[in-house]
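Structural overview for review
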Amino acid sequence: MLRFIAKRLGLLVLTLFGLSLLLFFWVRALPGGPATALLGERATPEAIAEINAAYGFDQPIWTQYVTYIGKLLSGNFGVSTQTKLPVLEQFGNQFPATFELAIFAILFAVIVGIPLGYWAARHYGKWQDNTSVVLSLLGVVIPVFFLAFILKWIFAVQLGWLPTAGRADVRLDATHYTNFYVLDGLITGELDAAWDAFKHLILPGIALGSIPLAIITRITRAAVLEVQGADYVRTAKAKGMPNTILRNRFILRNALLPVVTTVGLQLGLLFAGAVLTETVFAFQGVGYGIAQAISNADYPVLQAYIIFIALIYSVINLVVDLLYGVIDPRVRVK
Amino acid sequence: MSANIPDPNQLPEPLPPAGDRPIDAVVMTGPPAGEPEPGTAADKGDTRHADRGTSLWGEAFQRLRRSPIAIVGAVIILLFVLVALLAPWLAPYGGEDTPGMSLVTPTDIPGIGTPGYPLGLDNFGGDVLSKLIWGARSSLLVGVISTCIGLLGGMVLGALAGGFGGWVDTVIMRVVDILLSVPNLLMAVSIAAIAGQTPFAVMIAIGAAQIPVFARLLRSSMLQQRGADYILAAQTLGLSRSKITMSHLLPNSTGPVIVQATLALATAVIDAAALSFLGLGGGVPQTAEWGRMLTVAQNFLSSAPQLAFLPGICIAITALGFTLLGESLREALDPKARKR
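Residues numbered from 1 in each chain as written. Chains lettered and ligands numbered in written order. Predicted model: local features only at pLDDT ≥ 70, side-chain atom pairs only at ≥ 80, totals over all residues. Heavy atoms only, no water.

What about the overall build of chain B?
What chain B contains, in helices and strands, is 16 helices and zero strands. By residue count, 52% of the 340 residues in chain B fall in the buried class. Taking as baseline every contact in chain B between residues at least 6 positions apart, the subset at least 24 positions apart corresponds to 73%. Roughly 15,200 Å² of accessible area belongs to chain B as shown, and the carbon and sulfur atoms make up 67% of that amount. (Helix = DSSP H or I, 4+ residues; strand = E, 2+ residues; numbered from the N terminus. Buried < 20%, exposed > 50% of the residue type's maximum accessible area, 1.4 Å probe, protein only. Contact = heavy atoms within 4.5 Å. Areas by Shrake-Rupley, 256 points an atom, 1.4 Å probe, with all protein chains shown as cover.)

Listed below in structure tokens is the structure:
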């Protein structure tokens, strides 16, 4: 087991190393090179020469690469050209927002998706099944940002039940220790702040969760259909196994294997998918940061955020693979 | 001689009118009468397909024709393509024209049913109907071109990896793994950001972001086929490796890739809208592009929600068409489903 983890971690390091190499050349492939990227519109030939000397862009490319890797390893990801904040610090501010949002979205998708898929499979071919198939199809074809618009229009603009944008009501002067707003509210006992932060999560969370919801429903349905037709289920039924045990221990547990993988993969994807949702709701998370970085050509931020997201995505995938062994003894690594 | 070895899945149709079920039924009872190559690998090794008398794709097409879902998908796609191609004749105004500029004020945007402008005007005074029609054209263009880029790049990489194996495979798949560690949309966004903010950059970005998926799919499909009997037969007959790869392995491994390409068209249409929604498509604000129309519409959500709903519905319906067709194609090509 330990060897398996070590091997996967090794691969992870290799992947990140490869990615950093790609990103290094990516920024150097920019029209005008990295100096233009840093300067943006203020890029005069003199300014470019100055930056090149200051940042060492005039040195041989391999020297530059070694310096760059050295900086990455010591946690120096550069400074945002826009906010002038160190990139790592900015990420630290924005990550909790996206984390909260992604957790809300995936919980929504799991809580609705697994029962919906199960329900569809139990009523295979009936209207319940058809409904779930249509719903999961809609979840895939409706663009996330369009769904975000619809939700915003109905629940925020028309009904006024939920806030239209942001992470928290600015009029509430809440204390933030961790930047996880809901958590902060609970820690400090400012329950109104926690509730307010939660309300700000609902619409973007549902919009963001729509794709995982569709996929989880679909996978659960397919998995339950496959398992409930299996010979061992039929045998257990024939032997008079009580229905609850049959459903929970025989069908659901075996059907959940592919679902766990899907949930993990989808959670990883949410961190990137949040770009659109966070833009629609002006939700100040990582995705919003990326959108800002794009429109301001803020390459240090973009470059670092891609590495961070890839890291999160890979770590989640690793955890999912390990979880797989916990749920299914058959695939446990010897 | 070597050129005469047919792939079991790609046998020439022995009977001209393949569309008729009764004929199929007759064929199934025995070996097809007019089979031109007796005693070849296909006859001896894998008679199942030969007995059916139709090729894998021929049969898949038969299934598609009977599936109402596939037909709905195909009709949607057909309509979309027609609208896109005939845009100059269908649209009352040009994509960036603002014929109703005098009718629009910041607080009042005429909605659906305005005389002369059936779907109303946008905040620039552009005719929404015309913009939707021109938008179909740019969506089709971006969708098709980007998917072609992804398909082509992915197939070259996948075929190299699956065909050569060894260190070529290792190197290519490592790079693919690295690329897959960045979520697809984020990769498209990053590529579009450096490629400059133009519609062309959006195509490249969406296409390039799809390359790793296609590469991995083709490679694994080729690896699956590699152990098949007909490949062994071809090897036994002494065919060269490149011949086996190019005319046996590759044609028989494209099924999943084609399915993915159809589904990728749906994703490409959505991603194209997403990228131009983020402002990566470039151009003037009143560009007739569905994603761009949504960007502008978000400022008028409370006063003119139709500006957001109409392009959004267009994107969803187009994506629905490609998804329905792709899913039906997947089912039609699925060996499990074919046995029924």
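Description of the environment of Leu157 of chain B
All names here are of chain B. Checked against the element boundaries, Leu157 lands in helix H7 (residues 128-164). The partly exposed category is assigned to Leu157, whose relative accessible area is 30%. Taking the C-alpha atoms as reference points, Leu157 and Ala215, 58 residues apart in sequence, are found 5.5 Å from one another. Dropping the residues within four chain positions of it, Leu157 is found in contact with Ile172, Ile211 and Ala215.

A short note on the nonpolar core
Membership of the largest hydrophobic core comes to 120 residues, with the highest contact counts inside it found for Ile290 of chain A together with Leu275 of chain B. Excluding residues that lie within four positions of it along the chain, Ile290 of chain A makes contacts with Val275, Leu302, Tyr305 and Ile309 of chain A together with Leu186 and Val189 of chain B. Within the second largest apolar cluster, 15 residues are counted, among which are Leu151, Leu218, Leu250 and Ala264 of chain B. (Core = buried A, V, L, I, M, F, W, Y, C linked by side-chain atoms within 4.5 Å.)

What about the interface of chain B and chain A?
Each partner contributes residues to the interface: chain B has 37 residues there, and chain A has 40 residues. Where chain B abuts chain A, roughly 3,400 Å² becomes buried across the two surfaces, and 83% of that area is made up of carbon and sulfur atoms. Run the count over chain B and chain A and you get one residue pair in polar contact (both at pLDDT 80 or more). Looking at the side of chain B that touches chain A, the elements that each hand over two or more residues are helix H8 (166-180), helix H9 (184-194), helix H13 (255-277) and helix H15 (306-333) of chain B. By residue number, the principal contributor to the side of chain B that touches chain A is H15 of chain B, which donates 11 residues. Class assignment for the residues of the side of chain B that touches chain A results in 27 nonpolar, seven polar and three charged. (Buried area = accessible area lost by both parts, 1.4 Å probe. Polar contact = N/O pair within 3.5 Å; in protein donor to acceptor, adjacent residues only side chain to side chain. Nonpolar A, V, L, I, M, F, W, Y, C, P; charged D, E, K, R; others polar.)

Brief notes about unusual backbone geometry
Residues and elements named next belong to chain A. Its identity as a non-glycine residue notwithstanding, Ala282 has a phi of 45°, on the positive side. Note that Ala282 resides in the loop between helix H11 (243-280) and helix H12 (286-295). Judged by relative accessible area, Ala282 falls into the partly exposed class, the value being 27%.

Some points on the side chain of Ser132 of chain A
Residue and element names in this part refer to chain A. Structurally, Ser132 is set in helix H6 (residues 127-141). We classify Ser132 as buried; its relative accessible area is 2%. Residues in contact with Ser132, not counting those within four places in the same chain, are Leu116, Ala120, Thr217 and Arg221.

Describing the confidence of the model for chain A
Scored by pLDDT, chain A comes out at a mean of 79, with 87% of its residues at no less than 70. No element of chain A has a lower mean pLDDT than helix H2 (residues 33-39) of chain A, which averages 64, and none a higher one than helix H5 (residues 87-122) of chain A, which averages 87. (pLDDT = per-residue confidence, 0-100.)

A short note on the environment of Trp153 of chain A
Tracing the backbone through its elements, the reader meets Trp153 of chain A in helix H7 (residues 144-158). Spatially, the C-alpha atoms of Trp153 of chain A and Tyr305 of chain A are 31 Å apart, while their sequence positions differ by 152 residues. Trp153 of chain A has contacts with Gln158 of chain A together with Leu301, Pro305 and Phe309 of chain B, leaving out every residue within four places of it along the chain.

Regarding the packing of aromatic side chains
All names here are of chain A. For the coordinates displayed, the defined rule picks out 14 aromatic pairs over all chains. Residues Phe91 and Phe308 carry aromatic rings whose centres are separated by 4.4 Å and whose planes lie at 45° to one another, so their mutual orientation is tilted. Linking Phe91 in helix H5 with Phe308 in helix H13 (residues 299-327), this pair joins segments that are 217 residues apart in sequence. When its relative accessible area of 11% is taken as the criterion, Phe91 is described as buried. Both rings, one in Tyr232 and one in Phe250, keep their centres 6.5 Å apart while their planes meet at 35°; by these two values the pair is tilted. Here Tyr232 is found in helix H10 (residues 231-238), whereas its partner Phe250 is found in helix H11, with 18 residues between them in sequence. (Phe/Tyr/Trp six-rings, centres within 6.5 Å; stacked < 30°, edge-to-face > 60°.)

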